[in-house]
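What follows is each chain in one-letter form.
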Amino acid sequence: MSLYVVGIGPGGLDGMTVEAKNVLESCHIIAGYTVYTELLKPYFPHKKYYSTPMKQEKERCGWALARAAEGEAIAVVCSGDPGIYGMAGLLCQLQAQAQQETVRAAEIIVIPGVTAASSGAARLGAPLTHDFAVISLSDLLTPLAVIQKRLRCAAMGDMVICLYNPASRKRADYLRMACDIVLEYKSPQTVCGYVRQIGREGEEVRVLSLEQLRDIQADMFTTVYIGNDSTMELGGKMVTPRGYADV
Ligand code: SAH
């Protein structure tokens, strides 16, 4: 008995690994957040879908674990990579709990996917060629003070910063707050970029300065990049050099 946790990449079938596609084809039930199951339906029309809105992750994962324990071929899907702000961790925790309570707990098999940091970076050029930090601005599960401290440390260390969950309706001004923290350590001219709806309809890519980034209205489908001191704009691309060109 296995439960697959599958990363589907940024959106379309093109961005999915062959392994993820094969696993989804072999499963009977696909469970996930509604946005992702809707993305998959055209590619896997004959599957049974089980979707729940956001904030019902525990319920959805518990249900999937129970189905897998009964012998169903089932996959829980996440966008990008399931181990990066995805369901892999929660499922491992629920599985460990189930194992203590029953003898029939399914094994968790994690299938990696292309995370937004890399698919978005590819659209921008090469912003992550040197050390970088990935930080989520969502304070739903992480205290805001922890997020602010991590932003500060990353900026202080001159890491390229990749921001997930940069804003939502309730957190409309969080990207501005993050930029203001970074601006304590970095020039307003620092090269930045963002990609919206990577690999999906309406994709938007933009390279801009840190002071311009402060004023954009990001949403939940945007990934943001803040360059380090050597990041540059080259022919419209965002590029962080790593010194290969100098040797
Ligand atoms: N597991 C996912 C991340 C989930 S957190 C992954 O590995 O990519 C959700 C955040 O990821 C979004 O708020 C956004 O910042 C980023 N993201 C995921 N898919 C995206 C896409 N197609 N386009 C732009 N950003 C995306």
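What counts and how
Residues numbered from 1 in each chain as written. Predicted model: local features only at pLDDT ≥ 70, side-chain atom pairs only at ≥ 80, totals over all residues. Heavy atoms only, no water. Axes fitted to C-alpha atoms, helices over the stretch in contact; angles between N-to-C directions. Helix = DSSP H or I, 4+ residues; strand = E, 2+ residues; numbered from the N terminus. Parallel < 35°, antiparallel > 145°, perpendicular 65-115°, else oblique. Left-handed = near helix turned anticlockwise from the far one by under 90°. Contact = heavy atoms within 4.5 Å. Nonpolar A, V, L, I, M, F, W, Y, C, P; charged D, E, K, R; others polar. Phe/Tyr/Trp six-rings, centres within 6.5 Å; stacked < 30°, edge-to-face > 60°. Buried < 20%, exposed > 50% of the residue type's maximum accessible area, 1.4 Å probe, protein only. Pairing = 2+ DSSP bridges. Core = buried A, V, L, I, M, F, W, Y, C linked by side-chain atoms within 4.5 Å. Near = heavy atom within 4 Å. Polar contact = N/O pair within 3.5 Å; in protein donor to acceptor, adjacent residues only side chain to side chain. Areas by Shrake-Rupley, 256 points an atom, 1.4 Å probe, with all protein chains shown as cover.

Details of the packing of helix α3 (residues 57-69) against helix α4 (residues 88-101)
- For the pair α3 and α4, interaxial distance at closest approach is 10 Å and the crossing angle is 55°. Taken together, the axes of α3 and α4 lie oblique to each other. Considering only the axes of α3 and α4, their crossing is right-handed. Across from Glu57, Lys58, Cys61, Gly62 and Leu65 in α3, the residues of α4 making contact are Leu90, Leu91, Leu94 and Gln95.
- Taken together, the residues of the contact of α3 with α4 break down into five nonpolar, two polar and two charged.

Looking at the packing of aromatic side chains
- Tallied over the entire structure, the rule returns three aromatic pairs.
- With 5.2 Å between their ring centres and 55° between their planes, tyrosine 85 and tyrosine 164 make a pair best called tilted. You can see tyrosine 85 sitting in the loop between β4 (74-78) and α4 and its partner tyrosine 164 sitting in strand β8 (residues 160-164), a full 79 residues away along the chain.
- Since its relative accessible area comes to 47%, tyrosine 85 is described here as partly exposed.

Overview of the sheet that holds strand β6 (residues 125-126)
- If you walk across this open sheet you meet the three strands as β6-β13-β12, and the pairing is mixed. If you trace the sheet from one side to the other, it starts and ends with β6 and β12 (232-234), each paired once.
- Sheet topology places β6 next to strand β13 (residues 237-239); two bridges connect them, and they run parallel. Within β13, the residue paired with alanine 126 across the bridge is valine 239.

Quick look at the side chain of threonine 223
- As for its placement among the helices and strands, threonine 223 is situated in strand β11 (residues 222-226).
- The residues touching threonine 223, leaving out its near neighbours within four places in the chain, are Ala116, Cys162, Leu163, Tyr164, Gly193, Tyr194, Val195 and Ile198.

Things to note about the nonpolar core
- Among the nonpolar cores identified, the biggest contains 26 residues, and Leu151, Ile161, Leu163, Leu175, Leu213 and Ile226 are the most heavily contacted of them.
- Counting residues per element, the ones that place at least two in this core are β7 (132-136), α6 (144-156), β8, α7 (174-183), β9 (191-196), α8 (210-213) and β11.
- It is α7 that provides the largest number of residues to this core, a total of seven residues.
- Leave out the neighbours within four places in its chain, and isoleucine 161 touches Ala133, Ile135, Leu151, Ala154, Ala155, Val182, Val224, Tyr225 and Ile226.
- In this structure, Leu3, Val76, Ala88 and Ala106 belong to the second largest nonpolar core, which totals 18 residues.

Some thoughts on the site of the ligand
- Taken together, 19 residues surround the ligand, and among them Asp81, Ile84, Thr115, Met220 and Thr222 come closest.
- Interatomic distance of 2.8 Å between a backbone N/O atom of aspartate 81 and an oxygen atom of the ligand.
- A distance of 2.9 Å is found between an oxygen atom of the ligand and a backbone nitrogen or oxygen belonging to alanine 116.
- With the chains in place, 94% of the 540 Å² that the ligand exposes on its own is no longer accessible.

Focus: the packing of α6 against α7
- Close contact between α6 and α7 brings their axes to 9 Å; oriented N to C, the two are set at 40°. As summarised for this structure, α6 and α7 are arranged oblique, according to the angle between their axes. Crossing handedness for the pair α6 and α7: right-handed. Listed contacts from α7 to Leu144, Gln148, Leu151, Arg152 and Ala155 of α6 are Tyr174, Met177, Ala178, Ile181 and Val182.
- Its residues assigned to classes, the contact of α6 with α7 shows eight nonpolar, one polar and one charged.

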